[in-house]
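# Coordinates in review
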Amino acid sequence: MGIYDLFPKGEYTPNEARGTRWMITVMLMRVIVFNADYVLTKRFAMGMRKEQQKSLNDVEMANLVADALVKFDLDTAAYHLGRASSSSLRSAFESLIGNLRLYRPYLPDALFVEDEETSAFPTRGNPPGISTGDTMDASVTIVFTDIQSSTDIWERHTTAMRVAMDLHNAVMRELIYKHNGYEVKTIGDAFMVAFDTA
């Protein structure tokens, strides 16, 4: 039994029957188109929600990676990077992390944030002159250090110089801490240190 059999044939003229069949056909086509449109729109909306969630996850992951990179914690950054769904974002961060790993030995130690509890020489708070409250009367002594002919030594004895630099930096930081100094910054093998007395 078809849809057209629902209408008794005897009550309609042939033209009326054709018109009714045409209207039914048009209505069925509209229902089919409406259903197809609904299904496609629903799938599109679900796809958009998934893409939106991926983007939100990538933004959250990028923030976690950036926070780790600020501390130069490359292992944590690489861990968070594994959650990225965007291959271009992952590729860019992988390249950055790879370069930072490669150039780490050549970067100044002042770039690396240490945990206060694990640091051998915890920071003392404000630099000299700031804690007095009256900066006009503050007394600050600035000391600059430099290793003489270090460029030549680096070129001739690269491996030994790396070991020597680690020892140099450890001794400098121990002395700075012992004498209540404040490490302002390092550039290569040079230290800039501040003291509140001469």
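Residues numbered from 1 in each chain as written. Predicted model: local features only at pLDDT ≥ 70, side-chain atom pairs only at ≥ 80, totals over all residues. Heavy atoms only, no water.

## Observations concerning the overall build of the chain
In terms of regular secondary structure, the chain is built from five helices and three strands. Of the roughly 14800 Å² of accessible surface on the chain, a fraction of 59% belongs to carbon and sulfur atoms. (Helix = DSSP H or I, 4+ residues; strand = E, 2+ residues; numbered from the N terminus. Areas by Shrake-Rupley, 256 points an atom, 1.4 Å probe, with all protein chains shown as cover.)

## Brief notes about the pairing of strand 2 (residues 182-187)
Two strands pair when backbone bridges link them, and strand 2 and strand 3 (residues 190-195) are joined in this way by five bridges, in the antiparallel orientation. Pairing of Ile187 across the sheet is with Ala190, part of strand 3. As consecutive antiparallel partners, strand 2 and strand 3 are separated by two residues, and within that stretch Gly188 has a phi angle of approximately 65 degrees, a positive value. (Pairing = 2+ DSSP bridges.)

## Things to note about the packing of helix 2 (residues 74-81) against helix 3 (residues 87-103)
Put simply, helix 2 and helix 3 touch, their axes get as near as 10 Å, and they point 165 degrees apart. Put simply, helix 2 runs roughly antiparallel to helix 3. In the packing of helix 2 onto helix 3, the handedness of the crossing is left-handed. In contact with Leu74, Asp75, Ala77, Ala78 and Leu81 of helix 2, helix 3 contributes Leu89, Arg90, Phe93, Glu94, Ile97, Leu100 and Arg101. Partitioning the contact of helix 2 with helix 3 into residue classes produces eight nonpolar, no polar and four charged. (Axes fitted to C-alpha atoms, helices over the stretch in contact; angles between N-to-C directions. Parallel < 35°, antiparallel > 145°, perpendicular 65-115°, else oblique. Left-handed = near helix turned anticlockwise from the far one by under 90°. Contact = heavy atoms within 4.5 Å. Nonpolar A, V, L, I, M, F, W, Y, C, P; charged D, E, K, R; others polar.)

## Section: the nonpolar core
One finds Val65 and Leu69 to be the most contacted residues of the largest nonpolar core, which totals 13 residues. Listed by contribution, the elements that provide at least two residues to this core are helix 1 (14-70), helix 2 and helix 3. Tallying contributions element by element places helix 1 first for this core, with five residues. The residues touching Leu69, leaving out its near neighbours within four places in the chain, are Leu74, Ala77, Phe93, Leu96, Ile97 and Leu100. Grouped together as the second largest cluster of nonpolar side chains are five residues, Met172, Ile176, Phe191 and Phe195 included. (Core = buried A, V, L, I, M, F, W, Y, C linked by side-chain atoms within 4.5 Å. Buried < 20%, exposed > 50% of the residue type's maximum accessible area, 1.4 Å probe, protein only.)

Everything listed is a geometric property; what it means functionally is a separate question.
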